[in-house]
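A look at the structure
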Amino acid sequence: MAVAKVIVDVPAKQTNRPFDYRIPNRLMNVLVPGMRVIVPFGPRKVQGFVIEIAEKSQFPKLREISELMDIEPVLNEELLLLSDWLTEKTLCYKISAFQVMLPPALKAKYEKKVRLKNRSHLAMLPSVLQSLFSNGDVIKWEEVSKGNELSLLQKEIANDVLEVLYEVKERVKKKTIKMVAPAVTNKELQKIRSEFPSRNVKQLKLIDHFIEHHEPMERQKVMSILGVSSAVIKGLLEKGILTEQTREVYRDPYRDRDIEKTEPLQLTSDQSQAIQPILAALEEKKHDVFLLYGVTGSGKTEVYLQSIQRVLEDGREGIVLVPEISLTAQMVNRFKGRFGDRVAVLHSGLSVGEKYDEWRKIQRKEVKVVVGARSAVFAPFENLGIIIIDEEHETSYKQEDNPRYHARDVAIERAKRYNCPVVLGSATPSLETFARAKKGVYQLLTLSKRMNERHLPHVDIVDMREELREGNRSMFSRVLHEKIQDRLEKKEQTVLFLNKRGHSSFVMCRDCGLVLQCPNCDISLTYHRFNQQMKCHYCGYESIVPTTCPECASDHIRYFGTGTQKVEEEIAKVFPGARVIRMDVDTTSRKGAHEKLLTQFQEGRADILLGTQMIAKGLDFPNITLVGVLSADTMLHLPDFRSSEKTFQLLTQVSGRAGRHELAGEVVIQTYTPEHYSIELAGEQDFDQFYEREMMIRKVHKYPPFYYIALITVSHEELMKTVDVTEKITGFITSRLSNEAVVLGPVASPIPRLNNRYRYQCLIKYKREPKLTDVLKTVLDHHQQDMHQSGLQIAIDKNPYILM
DNA sequence: AGCACGCCGACT
DNA sequence: GTCGGCGTGCTC
């Protein structure tokens, strides 16, 4: 008797193991590992993944698989194996690993319903329940359980008058269209034609069409092109002359685009030197990791494109990861332009259905290349030839909730299994990557020249303290003001960068100093002028703006800080007539808004593009000749050991937006700490020196890449409990690790309270601790019941990117 | 995660 | 004496 080992969709410690099920006869030769099934689990039904087919089970009384959800496995053999690696690496549940590998459309939806078993028993029900069932036999559980009819309900369930139904549903339907086709051969059709009553003009017209084109046609098209109504089609369907079929179609998010086809460009000598080792690795089918280190505008993309070209010629497949802050449109166009419909695209801007369709194309081997954000690293290819990660240093490649994986690690792991290269591209690589490249763990490939010998833009660093001293209290320094004015006159474009959103960052009482805080999170509330509200950016809490101080009743309440909205107003004042496009989370939240705004800017319908983080990447418009950074130091003071690195990267990226084409570019960076090395060196665009400086600091403070770090965040409603548990954990870990490891804590998290929960953390810095994973597992095990009962939460991140 | 089972306080 | 509170443990 064959048995299926199934991982059920219940993310909990106790269910994080295979459960055995009997395979019904009808599925005997159909079921293979990697398929989703619906199985009975206790009283309910849940989705599960078959991971293995076994001969027999230790377990005496097996239940049977209820239903099969897939015709072909959604997880191939390699991904099933990879999930073992992923769960071990990130300490996540098996089911979470599976789910992160698949499009969200494949996650099950559960519905609980109540059914009246026999309509004739309706009268037996208490009147409260009777009314519920007046319109039908089945109602949703929520409709009954919200009132106090619950006990009545349970009685009737015990009486066998009502029954509870558990349903497992798919999230998306495969999109289909109706096709009409001849039901008979052409010969027979002609025979029918000759005997057909000639007064049926419309039906004859249809038959004539299908004699001429003996193939299926979209029902919609039949009606519109041949000018017949659905009644006519119906008539022929009933006579058995035509048949109707449904065909799966893909929602194509790029259907309405005209993307120009491009041919491989002639590589510069720099580029061809860089691509050689990659091509060699492809040739030898050898796993290797390359760091393609090239300044902005040095033509990394063409290297990617031609590497993939080779992979495709070899009949293999490629994955290209791009940062989620998706200025992917330009990137996507380049790949679609080169490889046409052999490209699938996966990013967060797509609907659940669209993502599913793109994923299906990969699964069905209808595409050979996928361009996508972080999770695209799990694209179900089976003959991978290359994985490319563009802007390798981007933090969005790290998933910040379970499973806390880094796409770079997954890429390397997969590439090892396929003996294929990984290419990491960046102008400002992460220190970890650059250090490995220097050590020879990765191969360093350098593109040192910008394309077409374009020079890097000239950078001005302006000391805003100086400005203030000389009486300029505006948010624009005199230099920046002058240059913006100059661009406006020359009809060239300016990009202004500010990494904050909202109108003012916080509201403060000038009498008592009170800063309005979120009642749930101990974080300052942000003022949003748009709807006149105070908003918490962490939990979403909203409140109206007070006119008087809630603490001392003073009416000296003022806004502080500078947000994009405020800058926009200031621009309107200082540069009347300048046309501004503002891009921040508020103006781009609508689907497609992002791209629309960019297109407007590209078409020259605005002089100034004002935005936050999201405009730092990818922008590549010829008419941008000035980039201004309004306050370079805002992120420098975040409590994060990577803040200098991030500042440097961001400033370099933003500066790279200027002068990428014929016109030369200029950059103005405004700061209150011009002497800080990350700002100074970003001004000189000197990554190598920045690297040296930062490495020294990392070494002294025992941070990556010299040490690995792991972060444990404990949260609970009660402060005492939180501290207590964190303390115990810190002590336990200290006792189990070697003296080489540094265990810091317990300390309050940089966000000390979130959603009414206190947060404390323990940070582990280590070099080699083979026991660490086991120790961490023990920590989780040990607090298992506490997590269940008192709502204690323990999050473990073995390679955190945000220490919050 | 659900859900059932089971053991103790305030009610018809 | 019973209803229902939620601690405990199981789900192939």
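Residues numbered from 1 in each chain as written. Chains lettered and ligands numbered in written order. Predicted model: local features only at pLDDT ≥ 70, side-chain atom pairs only at ≥ 80, totals over all residues. Heavy atoms only, no water.

What follows deals with the sheet that holds strand β34 (residues 793-797). The strand order β32-β33-β31-β34 describes an open sheet built from four strands, whose pairing is antiparallel. The sheet terminates laterally at β32 (742-754) and β34, the two strands that pair on one side only. Strand-to-strand twist of the sheet, defined as the mean angle between neighbouring strand axes without regard to direction, takes the value 20 degrees. Sheet analysis places β32 next to strand β33 (residues 757-766), joined by seven bridges and oriented antiparallel. Residue L754 lies in a different strand from β33, and its bridge partner there is R757. Lying over the sheet, helix α24 (residues 719-736) contacts β31 (708-716), β32, β33 and β34, oriented at roughly 15 degrees with respect to β33. (Pairing = 2+ DSSP bridges. Helix = DSSP H or I, 4+ residues; strand = E, 2+ residues; numbered from the N terminus. Axes fitted to C-alpha atoms, helices over the stretch in contact; angles between N-to-C directions. Contact = heavy atoms within 4.5 Å.)

Let us now look at the protein's contact with DNA strand B. In the vicinity of DNA strand B, the contacting residues are V10, P11, A12, Q14, P43, R44, K112 and Y166. When atoms of DNA strand B within 4 Å of the protein are split into backbone and base, the sugar-phosphate part holds 59%. A distance of 3.4 Å separates a phosphate oxygen of DNA strand B from a polar backbone atom of P11. K112 has a polar side-chain atom sitting 3.3 Å from a phosphate oxygen of DNA strand B. In the surface near DNA strand B, the residues fall into five nonpolar, one polar and two charged. (Near = heavy atom within 4 Å. Polar contact = N/O pair within 3.5 Å; in protein donor to acceptor, adjacent residues only side chain to side chain. Nonpolar A, V, L, I, M, F, W, Y, C, P; charged D, E, K, R; others polar.)

So, about the protein's contact with DNA strand C. Neighbouring residues of DNA strand C: 13 residues in total, closest D20, F41, G42, R63 and Q789. Interatomic distance of 3.3 Å between a side-chain N/O atom of Y21 and a phosphate oxygen of DNA strand C. Between DNA strand C and the protein, one listed contact pairs a phosphate oxygen with a backbone N or O atom of P40 at 3.2 Å. Those elements that provide at least two residues to the surface near DNA strand C are β2 (19-22) and β3 (36-41). Looking at which element gives the most residues to the surface near DNA strand C, the answer is β2, with three residues. Split by residue class, the surface near DNA strand C holds six nonpolar, four polar and three charged.

Right, let's get into the UniProt feature "binding site: Zn(2+) 2" (unreviewed entry) in chain A. Listed under "binding site: Zn(2+) 2" (unreviewed entry) in the UniProt record, and renumbered for this structure, are C518, C521, C536 and C539. Topologically, C518 is positioned in the loop between β22 (506-509) and β23 (526-528). Classification of C518 by relative accessible area gives buried; the value is 2%. (UniProt positions renumbered as here; feature names shortened; annotations may be inferred. Buried < 20%, exposed > 50% of the residue type's maximum accessible area, 1.4 Å probe, protein only.)

The next subject is the side chain of T428. Along the chain, T428 turns up in the loop between β18 (422-426) and α15 (431-439). T428 sits in the buried class, given a relative accessible area of 1%. In this structure T428 touches H393, F648, Q649, T652, Q653 and F687, once residues within four positions along its chain are discounted.

A few words now on the sheet that holds β18. Spatial strand order, β15-β16-β14-β17-β18-β13-β19: seven strands in an open sheet with parallel pairing. In this open sheet, the two strands that pair with only one neighbour each are β15 (343-346) and β19 (443-447). With strand direction ignored, the average angle separating the axes of adjacent strands in the sheet is 15 degrees. Its contacts with the sheet put helix α11 (residues 300-313) on β13 (289-294), β14 (317-321), β16 (369-372), β17 (384-389), β18 and β19, and the angle it makes with β17 is roughly 170 degrees. Sitting on the sheet, helix α13 (residues 352-363) is in contact with β15 and β16, with an inclination near 145 degrees to β15.

On the surface, K439, K699, K702, K767 and R768 cluster together to form a positively charged patch. Examined against the element boundaries, K767 turns out to sit in the loop between β33 and α25 (772-782). Accessibility expressed as a relative area gives 36% for K767, which makes it partly exposed. (Patch = residues over 30% accessible without salt bridge, like charges linked within 9 Å, V, L, I, M, F, W, Y side chains within 5 Å. Areas by Shrake-Rupley, 256 points an atom, 1.4 Å probe, with all protein chains shown as cover. Salt bridge = Lys/Arg side-chain N within 4 Å of Asp/Glu carboxyl O. Lys, Arg positive; Asp, Glu negative; His and termini not counted. Charge placed at Lys NZ, Arg CZ, Asp CG, Glu CD.)

With an omega of -10 degrees, the peptide bond running from N402 to P403 counts as cis. By the element assignment, P403 lies in the loop between β17 and α14 (407-418). Between P704 and the following residue, P705, the backbone shows a cis peptide bond with an omega angle of 5 degrees. As for its placement among the helices and strands, P705 is situated in the loop between α23 (687-700) and β31. A positive phi angle is found at K285, which is not glycine, with a value near 50 degrees. Its location among the elements puts K285 in the loop between α10 (269-284) and β13. For K285, a relative accessible area of 40% gives the class partly exposed. A positive phi is found at Q685, a non-glycine position, where the angle reads about 55 degrees. Position of Q685 among the secondary structure elements: in the loop between α22 (677-683) and α23.

Here we come to the pattern of salt bridges. If charged atoms from side chains of opposite charge come close, those side chains can pair. Within this structure, the stated rule accounts for 51 salt bridges. The salt bridge partner of E413 is R417, with a shortest N-O separation of 3.0 Å. Of this pair, E413 and R417 both sit in helix α14, separated by four residues, roughly a single helical turn. Its relative accessible area of 13% is what places E413 among the buried residues. Because the salt bridges share partners, they merge into one network encompassing D460, K483, D486, R487, K490 and E666.

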